[in-house]
Amino acid sequence: MKLTYPAIFYPCQDLPGGYTVEVPDLPGCVTEGDSLADAILMATDAASGWVLDKLEDGNPAPAASDMASIHPEADGFVSMIVLDMDAYAEKYGKNAVRKSLTIPAWLNTMAEKNAINFSQVLQRALKEQLHLS
């Protein structure tokens, strides 16, 4: 699942060339970076962690505001950040749910002979069915 959120970038007072970043749609999501590129990466990581916590608690991801509705202070600017929640959750997600399923014995035998990872196949199929990939 890919998400986009507007983020406000402000020149960092304590770090020449650095930026402080706020993501208004994610309360308390604030970070900073040594450069603009670093600030973008840090904002993406911080926002991804914020959203993943909500998703793992069973809540939906917050809706993103229209970029035009965000009004930074005089020295700031707004830019969109993109979150790849599937990649982030795969790397940092902590919650997993065990499911049992029933499949024909012949299918199980063939899959095991071919070293098929049942969990990965089910996850891919569910994402495809839910239009998340």
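Whatever comes next refers back to the structure up there.
Residues numbered from 1 in each chain as written. Predicted model: local features only at pLDDT ≥ 70, side-chain atom pairs only at ≥ 80, totals over all residues. Heavy atoms only, no water.

1. What to know about the sheet that holds strand β4 (residues 77-84)
Condition: One bridge is not enough; two strands pair if DSSP finds at least two bridges between them. The helix count covers DSSP runs of H or I at least four residues long, the strand count covers runs of E at least two residues long, and both are numbered beginning at the N terminus. In this description, a line fitted to the C-alpha atoms serves as the axis of each element, helices being fitted only across the stretch in contact, and the angle between N-to-C directions of two axes falls anywhere from 0 to 180 degrees.
Taken together, the four strands give an open sheet; going across it, the order is β3-β2-β1-β4, and neighbouring strands pair in antiparallel fashion. The open sheet is flanked by β3 (30-33) and β4, the only strands paired with a single partner. Strand-to-strand twist across the sheet, computed as the mean angle between neighbouring axes with direction ignored, equals 35°. With eight bridges joining them, strand β1 (residues 2-11) and β4 adopt antiparallel strand pairing.

2. So, the nonpolar core
To be explicit about the condition: For this analysis, a nonpolar core means a set of buried residues of the types Ala, Val, Leu, Ile, Met, Phe, Trp, Tyr and Cys, connected via side-chain atoms within 4.5 Å. Working definition: with a 1.4 Å probe on protein chains only, accessible area under 20% of the residue-type maximum means buried, over 50% means exposed, and in between means partly exposed. Contact criterion: two residues are considered in contact whenever any of their non-hydrogen atoms come within 4.5 Å of each other.
The biggest cluster of nonpolar side chains holds 19 residues, and the ones touching the most others in it are Tyr-5, Val-23, Leu-26, Val-51, Ile-81 and Leu-83. Secondary structure elements with two or more residues in this core: β1, β2 (19-22), α1 (36-56), β4 and α2 (85-92). When residues in this core are grouped by element, the largest group, six residues, is from α1. Contact partners of Leu-26, with chain neighbours within four places excluded, come to Tyr-5, Ala-47, Trp-50, Val-51 and Pro-62.

3. Notes on a nonpolar patch on the surface
To keep it simple, the criterion reads: For patches, a residue must show more than 30% relative accessible area and have no salt bridge; joins then use 9 Å for like charges and 5 Å for nonpolar side chains, namely Val, Leu, Ile, Met, Phe, Trp and Tyr. Here the open area of atoms and residues is found with the Shrake-Rupley method and a 1.4 Å probe, where only the protein chains shown may cover a residue. A carboxyl oxygen of Asp or Glu within 4 Å of a side-chain nitrogen of Lys or Arg is what we treat as a salt bridge.
Where nonpolar side chains cluster on the molecular surface, the patch consists of Leu-101, Ile-103, Trp-106, Leu-107, Met-110, Phe-118, Leu-122, Leu-126, Leu-130 and Leu-132 and spans about 920 Å² of accessible area. Counting residues per element, the ones that place at least two in the nonpolar patch are α3 (105-113) and α4 (118-129). Relative to the elements of secondary structure, Leu-132 occurs in the segment after α4. Residue class for Leu-132 comes out partly exposed when judged on its relative accessible area of 34%.

4. Description of the pattern of salt bridges
By the definition in use, this model includes one salt bridge. For Lys-2, the salt bridge goes to Asp-84, with nearest N and O atoms at 3.4 Å. Taken together, the residues span a long stretch of sequence, with Lys-2 in strand β1 and Asp-84 in strand β4 at a distance of 82 residues. Residue Lys-2 is classed as exposed on the basis of its relative accessible area, which comes to 59%.

5. Some words on the environment of Gly-18
Relative to the helices and strands, Gly-18 is located in the loop between β1 and β2. A residue is classified by how much of its surface remains accessible, and Gly-18, at 2% relative accessible area, is buried. Note: C-alpha distance between Gly-18 and Ala-37 (19 residues apart in sequence) is 9.3 Å. Excluding residues that lie within four positions of it along the chain, Gly-18 makes contacts with Tyr-10, Pro-11, Cys-12, Gly-33, Asp-34 and Ser-35.

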